[in-house]
Each structure stands twice: as structure tokens, then as C-alpha cells.
Amino acid sequence: MERTFLAIKPDGVQRGLVGEIIRRFETKGFTLVGLKFLKVSRELAQQHYDVHRERPFFTGLVEFIISSPVVAMVWEGDGVVASARKIIGATNPLTSEPGTIRGDFGINIGRNLIHGSDAPETAQKEIALWFKDEELVNWQPHLTPWLHE
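Before going into details, it helps to say that this report is about the structure given with it. (Residues numbered from 1 in each chain as written. Predicted model: local features only at pLDDT ≥ 70, side-chain atom pairs only at ≥ 80, totals over all residues. Heavy atoms only, no water.)

1. Topic: the pairing of strand β3 (residues 70-77)
Extensive coverage of β3 is indicated by the burial of eight of its eight residues. Neither face of β3 is open: one carries Val 70, Ala 72, Val 74 and Glu 76, the other Val 71, Met 73, Trp 75 and Gly 77, and all of them are buried. Pairing geometry for strand β1 (residues 2-8) and β3, over seven bridges, is antiparallel. By the bridge assignment for β3, Thr 4 is matched with Trp 75. Where strand β2 (residues 31-38) lies against β3, seven bridges are found, and the strand directions are antiparallel. Bridge pairing links Thr 31 to Glu 76 in β3. (Buried < 20%, exposed > 50% of the residue type's maximum accessible area, 1.4 Å probe, protein only. Helix = DSSP H or I, 4+ residues; strand = E, 2+ residues; numbered from the N terminus. Pairing = 2+ DSSP bridges.)

2. Quick word on the nonpolar core
Core analysis: the biggest nonpolar cluster contains 21 residues, and Leu 6, Ile 21, Phe 25, Met 73, Trp 75, Ile 101 and Ile 114 have the highest contact counts within it. Elements represented by at least two residues in this core include exactly β1, α2 (18-28), β3, α5 (80-88) and α6 (101-105). Per-element accounting of this core gives the leading share, five residues, to α5. Val 33, Val 40, Val 62 and Phe 131 belong to the second-largest nonpolar core, a separate cluster that totals 19 residues. (Core = buried A, V, L, I, M, F, W, Y, C linked by side-chain atoms within 4.5 Å.)

3. Description of a nonpolar patch on the surface
Side chains of Leu 143, Trp 146 and Leu 147 sit close together on the surface and give an oily, nonpolar patch of about 390 Å² of accessible area. Turning to its location among the elements, Leu 147 is positioned in helix α8 (residues 144-148). Overall, Leu 147 belongs to the partly exposed group, its relative accessible area being 41%. (Patch = residues over 30% accessible without salt bridge, like charges linked within 9 Å, V, L, I, M, F, W, Y side chains within 5 Å. Areas by Shrake-Rupley, 256 points an atom, 1.4 Å probe, with all protein chains shown as cover. Salt bridge = Lys/Arg side-chain N within 4 Å of Asp/Glu carboxyl O.)

4. Looking at the packing of α2 against α5
Their axes nearest at 11 Å, the elements α2 and α5 cross at an angle of 135°. Taken together, α2 and α5 sit at an angle that is classed as oblique. Seen from above, α2 lies across α5 with right-handed handedness. Packed against α2, whose contacting residues are Arg 24, Phe 25 and Lys 28, the element α5 presents Ser 83, Ala 84, Ile 87 and Ile 88 at the interface. Among the residues forming the contact of α2 with α5, the class breakdown is four nonpolar, one polar and two charged. (Axes fitted to C-alpha atoms, helices over the stretch in contact; angles between N-to-C directions. Parallel < 35°, antiparallel > 145°, perpendicular 65-115°, else oblique. Left-handed = near helix turned anticlockwise from the far one by under 90°. Contact = heavy atoms within 4.5 Å. Nonpolar A, V, L, I, M, F, W, Y, C, P; charged D, E, K, R; others polar.)

5. Re the environment of Gly 60
With respect to the secondary-structure elements, Gly 60 resides in helix α4 (residues 58-65). Through-space distance from the C-alpha of Gly 60 to that of Gly 110 is 8.9 Å; in sequence the pair is 50 residues apart.

6. Some thoughts on the environment of Ile 114
For Ile 114, the location among the structural elements is in strand β4 (residues 114-116). Under the relative-accessibility criterion, Ile 114 is labelled buried at 0%. C-alpha of Ile 114 to C-alpha of Ile 127: the two residues are 13 residues apart in sequence and 15 Å apart in space. Once you skip the residues sitting within four places of it in the chain, Ile 114 turns out to touch Ala 7, Ile 8, Lys 9, Ile 21, Phe 25, Ile 88, Ile 101 and Arg 102.

7. With respect to the side chain of Glu 126
Structurally, Glu 126 can be placed in helix α7 (residues 120-130). No salt bridge is formed by the buried Glu 126. Its closest oppositely charged neighbour is Arg 85, at 7.6 Å. Of note is the side chain of Glu 126, whose polar atom sits 3.0 Å from the side chain of His 115. (Lys, Arg positive; Asp, Glu negative; His and termini not counted. Polar contact = N/O pair within 3.5 Å; in protein donor to acceptor, adjacent residues only side chain to side chain.)

Take it as geometry only, folks, not as evidence of what the structure does.
Now the structure itself:
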């Protein structure tokens, strides 16, 4: 099964949307295999956003993600990376479709509620950055055969 990394950003946590966001992935049929509620260190934030290091918005990204707790998650399922991106919606909430997390709840590009890995390779790197192997739970819900077989 494929895995992806998702993080509910400080604005999603502060607005009380954690349960709603998790519900959408559970309802879709994905399996939660890792979950952390944490205050992100500056070092972790800089590593996570390293691909943007040379961009003018890098410092703002780091400052925002360390400003308040986040919920870091690992989800598992067939095609979970691509499907999660569709559930999340476009980066800019103003152009994100209704029915997506960002389309329904996002305010602007700087407050877009959630991060999701953009490719399976990125997901592997992000999962390894945010979670130790022993923090991930390998399990199969009783519902799995009804969804994936």
C-alpha cells in the first residue's frame, strides 16, 4: 500500500478543523498509520521546506509553521498520494474547487490549512523526516477487504 504525509497547519489547528480534516480521509477509506500533535522546531521546518530555501517566501513559511502546533499524519491506501491531493484541493484556496478542504475552508494562499505530499517519492522523504519507523503502526482495518479487494 502507498503512504503519504499530511500536516494540518497552524491555521487548521487554531480554527478547530482537525476532526473535519481527519474525517474526510477516514470517510474516503484511507488508513491512518501515524499521528502526532506537535510544536514544530525551526530546524524541522527548515528541513521540510528546504526545496523553497532560495525563494523569497521561505522565511514566512518557516515562521508560520512554527507559530502554533500542527497535526502530522501518515495515511495509507491505494493511490493515496494523488487522491489526497484532490481531497486537499489547489494550493490557492481562491481557485480550489468546492468540496475540497481548501475550497471549503481556506482563506488565502498563506492560510491554506494543510500540507500534502505531492508525489510518492516526496511522501517517503517527508514521512522519514517527521516520523521514526516505530511511530508508524502497521494494521489493517476490518473494512479494508470491502474497499481494496
